[in-house]
Amino acid sequence: MRIALHGRINREDSIHYLEQIISEIEENNSEVIFTEELHISTKGHFNTNRFEIIDSKFDLASVDYFFSLGGDGTLLETVSKVGCLETPILGINLGKLGFLATINKKDIKEALNGFFAKEFSFDERMLIHLDSNNKIFNGQNFALNEVAILKRDTSSMIIVHCYIDGEFVNTYWADGIMVATPTGSTGYSLSAGGPLVLPQSDSFIITPVSPHNLNVRPLIVSGTSIISFEIEGKGRSFLTSLDSRSYKVDNSVKLSIRKESFAAKLIKLKGYNFFDTLRVKLNWGLDIRN
């Protein structure tokens, strides 16, 4: 197997875990490949010249599996790299919380033993697609967590007119608005007051960011819907973001959102449970009576 590793190793203790991962892969007669970002971040720590470095979509097509080394931000980057190839991704948490990157660094050996024993399944997560009349995001106009439309400064809110399948829904006076996937429901949307949604639900969550009208609440809509926006604001520009990537646009831009035609294929090892992750990582349902 050809296994690509992606991440940015910025901490000295992470080098130890990287070496452990490489050793486990090679002991299972598989080839280690580095992304350009990982190669650059590990220069000076150990010799990476023996590994193939990939930096193009053509190279990515030859990869069987992707290991994301870091936190959830790194996994989101990995998803954007893989794109429509749908290469399976295993998230190894070398960061802090690691909600999507579920493998703890202390469990690497046990987890990789299960991986090479084929004790896993694929957890396909829907992606969200952004259409625009302007060329933005260099063609990588999809996200795993959310699309967000946000004001650029602290002086004034923006006004967002929202439509679903061409029908007017509401006008939001707020710092912004986001449309999250079920996966993204535990991220930015949750911190803005959105609901928890199970990962396999076919739906979008429309969540206003700091709305001026307190009677405006998050809205769950069908994943088959096309959601479009018209934006007003005193400023000439605002930010549109896809997960951790952002792009400045002006009021002339037309934005619409739909489900992407491909999915993110996350590797789910035997014993993984979404509700366990909610309880452990988010303290969901924490109660002294339990």
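Everything discussed here concerns the structure shown above.
Residues numbered from 1 in each chain as written. Predicted model: local features only at pLDDT ≥ 70, side-chain atom pairs only at ≥ 80, totals over all residues. Heavy atoms only, no water.

Caption draft 1: Spatial organisation of the nonpolar core. In terms of nonpolar packing, the biggest core is built from 29 residues, with Leu 5, Phe 67 and Phe 115 touching the most fellow members. Contributions of two or more residues to this core are made by strand S1 (2–7), helix H1 (12–27), strand S2 (31–35), strand S4 (65–70), strand S5 (89–93), helix H5 (108–116) and strand S18 (255–269). A total of six residues in this core trace back to one element, the largest contributor, which is H1. In this structure Phe 67 touches Ile 3, Ala 4, Leu 5, His 6, Ile 21, Ile 25, Leu 90, Ile 92, Leu 112 and Phe 115, once residues within four positions along its chain are discounted. Core analysis: the second largest hydrophobic core is formed by 28 residues, Ala 143, Val 160, Val 179 and Val 253 among them. (Core = buried A, V, L, I, M, F, W, Y, C linked by side-chain atoms within 4.5 Å. Buried < 20%, exposed > 50% of the residue type's maximum accessible area, 1.4 Å probe, protein only. Helix = DSSP H or I, 4+ residues; strand = E, 2+ residues; numbered from the N terminus. Contact = heavy atoms within 4.5 Å.)

Caption draft 2: A look at the environment of Ser 237. Within the secondary structure, Ser 237 is located in strand S16 (residues 237–242). As a C-alpha pair, Ser 237 and Leu 150 span 87 residues in sequence and 9.6 Å in three-dimensional space. Ignoring sequence-local partners within four residues, the contact set of Ser 237 consists of Arg 152, Lys 248, Val 249 and Asp 250.

Caption draft 3: Looking closely at helix H7 (residues 274–282). For H7, the complete set of buried residues consists of Phe 274, Thr 277 and Leu 278. Buried residues in H7, looked at end-on, bunch into an arc of 100°, giving them a common side. The backbone nitrogen of Phe 275 has a side-chain oxygen 2.8 Å away, supplied by the residue at the start of H7, namely Asn 273. At the C-terminal side of H7, Asn 283 shows a positive phi close to 55°. (Arc of directions from axis to C-beta. Polar contact = N/O pair within 3.5 Å; in protein donor to acceptor, adjacent residues only side chain to side chain.)

Caption draft 4: Representation of H1 in the model. Taking 1.5 Å of rise per residue, 16 residues should cover 22 Å, and H1 covers 24 Å from first to last C-alpha, within 8% of that figure. Looking only at H1, the buried set comprises Ser 14, Ile 15, Tyr 17, Leu 18, Ile 21, Ile 22, Glu 24 and Ile 25. Each element contacted by the buried residues of H1 is listed here: S1, S2, helix H2 (36–42), S4, S5 and H5. (Expected span 1.5 Å × (residues − 1).)

Caption draft 5: Structural context of the sheet that holds S16. Spatial strand order, S14-S13-S12-S9-S16-S17: six strands in an open sheet with antiparallel pairing. Where the open sheet ends on each side, the last strands, each with one partner, are strand S14 (219–222) and strand S17 (245–250). With direction set aside, neighbouring strand axes in the sheet form an average angle of 20°. Summarising the sheet, strand S9 (residues 146–150) and strand S12 (residues 176–180) pair through five bridges and their orientation is antiparallel. Looking at the pairing, Ala 148 lines up with Met 178 of S12. (Pairing = 2+ DSSP bridges. Axes fitted to C-alpha atoms, helices over the stretch in contact; angles between N-to-C directions.)

Caption draft 6: Quick peek at the packing of aromatic side chains. Within this structure, the stated rule accounts for 13 aromatic pairs. Ring geometry for Phe 99 against Phe 274: centres 6.3 Å apart, planes inclined by 90°, an arrangement best described as edge-to-face. Here the residue Phe 99 occupies a position in the loop between S5 and strand S6 (103–104), and Phe 274 occupies one in helix H7, the gap between them amounting to 175 residues. Looking at Phe 274, the relative accessible area reads 13%, which means it is buried. Taken together, a centroid distance of 5.2 Å and an interplanar angle of 80° make the contact between Phe 142 and Phe 262 edge-to-face. Taken together, the residues span a long stretch of sequence, with Phe 142 in strand S8 (residues 142–143) and Phe 262 in strand S18 at a distance of 120 residues. Phe 262 shares its class with Phe 142; the two are buried. An aromatic cluster is built from Tyr 65, Phe 67, Phe 115, Phe 116, Phe 120 and Phe 122, whose rings are joined through pairwise contacts. Stacked on the ring of Phe 122, the Lys or Arg Lys 265 has its end atom at 5.1 Å from the ring centre. (Phe/Tyr/Trp six-rings, centres within 6.5 Å; stacked < 30°, edge-to-face > 60°. Lys NZ or Arg CZ within 6 Å of the ring centre and 35° of its normal.)

Caption draft 7: Structural context of a nonpolar patch on the surface. Residues Leu 196, Leu 198, Phe 275 and Trp 284 make up a contiguous nonpolar surface patch of about 360 Å² in total accessible area. Relative to the elements of secondary structure, Phe 275 occurs in helix H7. Owing to a relative accessible area of 36%, Phe 275 belongs among the partly exposed residues under this scheme. (Patch = residues over 30% accessible without salt bridge, like charges linked within 9 Å, V, L, I, M, F, W, Y side chains within 5 Å. Areas by Shrake-Rupley, 256 points an atom, 1.4 Å probe, with all protein chains shown as cover. Salt bridge = Lys/Arg side-chain N within 4 Å of Asp/Glu carboxyl O.)

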